[in-house]
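Descriptive structure summary
Here are the chains, one letter per residue:
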Amino acid sequence: MESSERNILVFFVVALSLVVGVASFALRQPAKHLPVVNVEDLPVARDQAAYGPDWAACKAAGGTPKWERVSQCVQDPNVRDVCGFGVPCFFADDNGGMSCNDAKAAWCACDSDAQCPNGYECPKNGDRCVQSS
C-alpha cells in the first residue's frame, strides 16, 4: 500500500468514526416534547359558525355548551393564534402561504329542540344542535 492510499484510508476511517460518534450522541438526546394544550386554552376558531351556535347562544337557550378541538387554515397567522401556545404550525410552499392551526370551537349539546338557539334544532338522536333546514 502506498503512502497516499494509506492516507486516504486513514482519513476515511477517521471520518466514518466521527460520523458514527456524532450519530450516537444525537440518539442519546432526549426527544423534545411539545406541551399538551388543553382545548380550553386554544384560541377560538375564526369560523365558529361552521361548527354550530356560539357558547353564549347555546347557554342562553338552555343547551350545554362544550368545546371541541378543530383545525383551521389561516392565511395570515398572528400572535394570538395557536402557535403561541406551543402547538406546531405547519407551513408548505405549495399551499399558497396557508398555515394549519389547532383552535377550539363551541358546540351545543341538546336533548330537545328547546335547548337549541333560534335557527337550530336537536336531531332525534340528540347529541348536538344543528342548523334548521
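We now turn to the structure provided with this report.

Conventions used here
Residues numbered from 1 in each chain as written. Predicted model: local features only at pLDDT ≥ 70, side-chain atom pairs only at ≥ 80, totals over all residues. Heavy atoms only, no water. Helix = DSSP H or I, 4+ residues; strand = E, 2+ residues; numbered from the N terminus. Contact = heavy atoms within 4.5 Å. Areas by Shrake-Rupley, 256 points an atom, 1.4 Å probe, with all protein chains shown as cover. Polar contact = N/O pair within 3.5 Å; in protein donor to acceptor, adjacent residues only side chain to side chain. Salt bridge = Lys/Arg side-chain N within 4 Å of Asp/Glu carboxyl O. Buried < 20%, exposed > 50% of the residue type's maximum accessible area, 1.4 Å probe, protein only.

A few words now on the overall build of the protein. Each helix and strand counted, the protein has two helices and six strands in total. Reading the helices (α) and strands (β) of the protein from amino to carboxyl end gives α-α-β-β-β-β-β-β. Residue pairs at least 24 apart in sequence account for 59% of intrachain contacts in the protein once pairs closer than 6 positions are excluded. By element, 59% of the accessible surface of the protein is carried by carbon and sulfur atoms, the whole surface being about 9500 Å².

Mapped onto the elements of the fold, Gln48 is located in the loop between helix 1 (3–28) and helix 2 (55–61). Linking Gln48 and Lys104, residues 56 residues apart in sequence, is a C-alpha distance of 8.6 Å. Beyond its immediate stretch of four places on either side in the chain, Gln48 contacts Pro53, Asp54, Ala105 and Ala106. A distance of 3.2 Å separates the side chain of Gln48 from the backbone oxygen of Gly52, its partner in a polar contact.

On to the pattern of salt bridges, then. In total, this model carries two salt bridges according to the counting rule given. We note a salt bridge from Arg128 to Glu68, for which the minimum N-O separation is 3.3 Å. One end of the pair, Arg128, is in strand 5 (residues 127–128); the other, Glu68, is in strand 1 (residues 64–74), and 60 residues separate them in sequence. The salt bridge partner of Asp102 is Arg69, with a shortest N-O separation of 3.5 Å. Highlighted residues: Asp102 in strand 3 (residues 99–110) and Arg69 in strand 1, separated in sequence by 33 residues. Residue classification places Arg69 among the partly exposed positions, given a relative accessible area of 37%.

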